[in-house]
Amino acid sequence: MSTTPTEVLAFPNIKAIISDNGTAEVIVAGNSRVVPAGETLQDLRDNALALVVAEARTLQRPVRVRIEDPEGHGELIVHPDGNVESVSYEPRPARRRTGASAAAAPKVSDTAPAAAPLVKPEPAQPVVERQPWPPLAVDTLPAEEAAPASEAPQQAVEADAPVTRRSLKETSFLVSAPVLEPATQGWRGTLTRLGFRMDPSAEELAEREDIRTVSQHWPGPRTIAVVNRKGGANKTPTVVMLSAILARYSGAATVAWDNNESQGTLGWRTEKGAHDRSVLDLIDSSTELLSPSTNAAEIAKFVHHQTADKFDVLRSDENEEGDHEVTAEEVDIAHQVLTRYYRLVIMDSGNTARAANWRRMIDHTNQLVVPVTAIEDRAEAARLTLQTLESRGGHDAELARNAVVIVSESTDAKRSMTGDALKRAKAEAQRIADGFEPFVRAVVRIPYDPALVNGPIRYEALQPATQRAWLAAAAAVAKGF
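Residues numbered from 1 in each chain as written. Predicted model: local features only at pLDDT ≥ 70, side-chain atom pairs only at ≥ 80, totals over all residues. Heavy atoms only, no water.

Asker: I'm lost on the overall build of the protein in this one. Help?
Answerer: Of regular secondary structure, the protein possesses 14 helices and 16 strands. Of the contacts made within the protein by residues no fewer than 6 positions apart, 70% connect residues no fewer than 24 positions apart. Working note: accessible area of the protein is about 24,600 Å², and carbon and sulfur atoms make up 53% of it. (Helix = DSSP H or I, 4+ residues; strand = E, 2+ residues; numbered from the N terminus. Contact = heavy atoms within 4.5 Å. Areas by Shrake-Rupley, 256 points an atom, 1.4 Å probe, with all protein chains shown as cover.)

And the structure:
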């Protein structure tokens, strides 16, 4: 397995040191890990190599390791599958570079033989120079520095022979490899807190990756549309949860906008501010809000801040008469205002895909999210919504193909759902998720949680498993940006 010099330059800096006194350690990004003791020098080599292989598997990429032991020193490239490549090896006590390199070592296993050293020189193989900062070749050094007279005869250097040196622009002393923080969850986290540094589990690493994904900042604003033409499909809870997670982790200014034709329910399920203004008031004040002289804090007059979950809500018109339907032009104005003050705009929607405000919302959308519950008619409505967008072609069809479907076990049931009802909901949610899988970019399942059924929605009120599922859903959405 070959590795190009460009790839090698990006590898983490790892050192494996085996001392004459029978102790060993592996140093990763400045953090020392004690190598388990062995009866022989080869045992220490095998144990040290096992730690390096574990690091490569954790990072899911090859790593470069500098080895030092009583018999010699050199450099290896260790791959996540356990394969090892020799970059160089110099046996002690000789300090000059020999013309030999070790063959690639076999995969690490618990039954590795204890006879052969970690790297065994084979004179027939030439050295492959792949160090990120290689020494100057012997024939480019001044004659008095090339080699002692007792070791090799002096060779004349022609006056016009070129002297090749690497540019300082081609390398750096800085190491940009990420530092793997110790485990914080489960029994591994417990051992870490007791003083035994443990690497995180695969589950914890996946959660860290989701957090990293939702914590990104993207150039320019991003608009998410949450759509399903059927009422009760979990659109509003989806808007609230995505807004809460993206605002909490990214710190980006985030607004949840209720883009119903007239009266929506987003305002009912979120915290109300000290005023009653809605999207229509924002549209009426758009000239002032878009003026270069207007302070950014003025937007607070029109939105309702969520003090715990750190996002704002732009409510729909709450006129009891319900006699005004938002037009396409008003959607344009409101979106222009919001994208001046916010980096993330997450739009709730009504149930009519033919409505002017619904169709104009799609024109502004970067990422489509389709929520469904474990009920057949909600899933069918979601399918028809995606089918309609796909049939329109262009931007709409691309949104449908890149959509994220979020399948909730149920939010229609009473506050307690147990036993056979819960099992049926889980099975139905899985069936629906499997049905959407081939047609969209991602499908995420959300477990039943009574905190999502009625009343105001708060992220902290959810069960840990529900919080983790919504984090995965938000990460799937963010990957579409």
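Moving on, there is more to tell.
Asker: Can you walk me through the pattern of salt bridges in this structure?
Answerer: It is possible for side chains bearing opposite charge to pair when their charged atoms get close. This model, assessed by the stated rule, comprises 23 salt bridges. Between Arg 468 and Glu 207 there is a salt bridge, with its nearest N and O atoms 3.9 Å apart. Of this pair, Arg 468 sits in helix α14 (residues 464-478) while Glu 207 sits in helix α5 (residues 202-214); the two residues are 261 residues apart in sequence, bridging distant segments of the chain. With a relative accessible area of 25%, Arg 468 lands in the partly exposed category. (Salt bridge = Lys/Arg side-chain N within 4 Å of Asp/Glu carboxyl O. Buried < 20%, exposed > 50% of the residue type's maximum accessible area, 1.4 Å probe, protein only.)

Asker: Just to check I follow, could you spell out the pairing of strand β13 (residues 344-349) for this structure?
Answerer: A regular strand carries its side chains on alternate faces of the sheet. Counting buried positions along β13 yields six of six residues, so the element is predominantly enclosed. What you see with β13 is no split at all: Leu 344, Ile 346 and Asp 348 on one side and Val 345, Met 347 and Ser 349 on the other are buried throughout. With four bridges connecting them, strand β9 (residues 222-226) and β13 associate as parallel partners. Residue pairing for β13: Ile 224 is matched across the bridge by Ile 346. Two elements, strand β10 (residues 254-259) and β13, share six bridges in a ladder whose sense is parallel. (Pairing = 2+ DSSP bridges.)

Asker: Help me understand the side chain of Asn 228 in this model?
Answerer: With respect to the helices and strands, Asn 228 occurs in the loop between β9 and α6 (235-250). Residue Asn 228 is classed as buried on the basis of its relative accessible area, which comes to 0%. A distance of 3.0 Å separates the side chain of Asn 228 from the backbone nitrogen of Lys 230, its partner in a polar contact. Residues in contact with Asn 228, not counting those within four places in the same chain, are Ala 233, Lys 235, Ser 349, Gly 350, Asn 351, Pro 371, Val 372, Arg 378, Ala 381, Ala 382 and Thr 385. (Polar contact = N/O pair within 3.5 Å; in protein donor to acceptor, adjacent residues only side chain to side chain.)

Asker: Help me understand the confidence of the model for the protein in this model?
Answerer: For the protein, mean pLDDT is 81; residues scoring 70 or higher make up 78% of the total. Contacts from residues 1-11, a stretch scored under 50 in pLDDT, to residues over four places away or in other chains number 20 contacts. (pLDDT = per-residue confidence, 0-100.)

Asker: Whenever I open this one, the environment of Ala 433 confuses me. Can you help?
Answerer: Here Ala 433 is to be found in helix α13 (residues 419-436). For Ala 433, a relative accessible area of 4% corresponds to the buried category. Apart from the residues within four sequence positions on either side, Ala 433 is in contact with Val 407, Val 443 and Arg 445.

Asker: Before we go on, may I ask you to explain the sheet that holds strand β11 (residues 304-305) in this structure?
Answerer: Strands in a sheet are paired, the pairing made by backbone hydrogen bonds, and the direction either parallel or antiparallel. Pairing is mixed in the open sheet, where eight strands are placed in the order β11-β12-β10-β13-β9-β14-β15-β16. Whereas interior strands pair on both sides, the edge strands pair on one side only; in this sheet they are β11 and β16 (442-446). Here β9 pairs with strand β14 (residues 367-373) via three bridges, running parallel. Paired with Ile 224 across the bridge in β14 is Gln 367. The strands that α6 touches are β9, β10, β13, β14 and β15 (404-408); relative to β13, the one it contacts most, it runs at about 170 degrees. Strands in contact with α14 are β9, β14, β15 and β16; relative to β16, the strand with the most contacts, it is inclined by about 165 degrees. (Axes fitted to C-alpha atoms, helices over the stretch in contact; angles between N-to-C directions.)

Asker: Sorry, what's going on with the nonpolar core here?
Answerer: Side chains of a nonpolar character, in soluble globular proteins, are inclined to be buried together. Residues Trp 257, Leu 282, Leu 368, Leu 386, Val 405 and Phe 436 are the most contacted members of the largest nonpolar core, which totals 46 residues. Tallying contributions element by element places helix α9 (residues 328-341) first for this core, with five residues. For Phe 436, the contacting residues outside a window of four places in its chain are Val 372, Ala 379, Ala 382, Arg 383, Leu 386, Val 405 and Val 443. Membership of the second largest hydrophobic core comes to 40 residues, among which are Trp 218, Leu 242, Tyr 459 and Ala 476. (Core = buried A, V, L, I, M, F, W, Y, C linked by side-chain atoms within 4.5 Å.)

Asker: Even after reading the chapter, I still don't get helix α12 (residues 394-401), so can you show me in this structure?
Answerer: Given 3.6 residues to a turn, an α-helix orients residues that are three or four positions apart in the same direction. Those residues of α12 not exposed but buried are Asp 396, Ala 397, Leu 399 and Ala 400. Taken around the axis of α12, the buried residues stretch over an arc of 155 degrees, which confines them to a single face. Elements in contact with the buried residues of α12: α10 (356-363), β14 and α11 (376-392). (Arc of directions from axis to C-beta.)

Asker: Is there a simple way to think about the side chain of Arg 33 in this case?
Answerer: Mapped onto the secondary structure, Arg 33 falls in strand β3 (residues 31-34). Assessed through its relative accessible area of 12%, Arg 33 is described here as buried. A distance of 3.3 Å separates a polar atom in the side chain of Arg 33 from a polar atom in the side chain of Asp 199. Contact partners of Arg 33, with chain neighbours within four places excluded, come to Glu 25, Val 26, Val 28, Leu 51, Glu 55, Leu 180, Arg 197 and Asp 199.

Asker: What should I look at first to understand the environment of Thr 58 in this one?
Answerer: Relative to the elements of secondary structure, Thr 58 occurs in helix α2 (residues 41-59). Taking C-alpha positions, Thr 58 is 8.8 Å from Asp 199, a pair spaced 141 residues apart along the chain. In contact with Thr 58, not counting residues within four places along its chain, are Leu 180 and Leu 205. A distance of 2.9 Å separates the side chain of Thr 58 from the backbone oxygen of Ala 54, its partner in a polar contact.

Asker: How should I be thinking about the packing of aromatic side chains in this particular structure?
Answerer: The description of an aromatic ring pair rests on the distance of the ring centres and on the angle between the ring planes. Applying the stated criterion across every chain, the model contains one aromatic pair. Between Trp 218 and Phe 481, the ring centres sit 4.7 Å apart and the planes meet at 85 degrees, which makes this aromatic pair edge-to-face. Linking Trp 218 in the loop between α5 and β9 with Phe 481 in the segment after α14, this pair joins segments that are 263 residues apart in sequence. Among the residues examined, Trp 218 registers a relative accessible area of 15% and is labelled buried. (Phe/Tyr/Trp six-rings, centres within 6.5 Å; stacked < 30°, edge-to-face > 60°.)

Asker: What is the right way to look at unusual backbone geometry in this model?
Answerer: One can expect most non-glycine residues to show negative phi and most peptide bonds to be in trans. If you check the backbone angles, Asn 234 has positive phi at about 85 degrees while not being a glycine. Of note, Asn 234 is situated in the loop between β9 and α6. The backbone phi angle of Lys 310 is positive, close to 70 degrees, even though this residue is not glycine. Here Lys 310 shows up in the loop between β11 and β12 (312-314).

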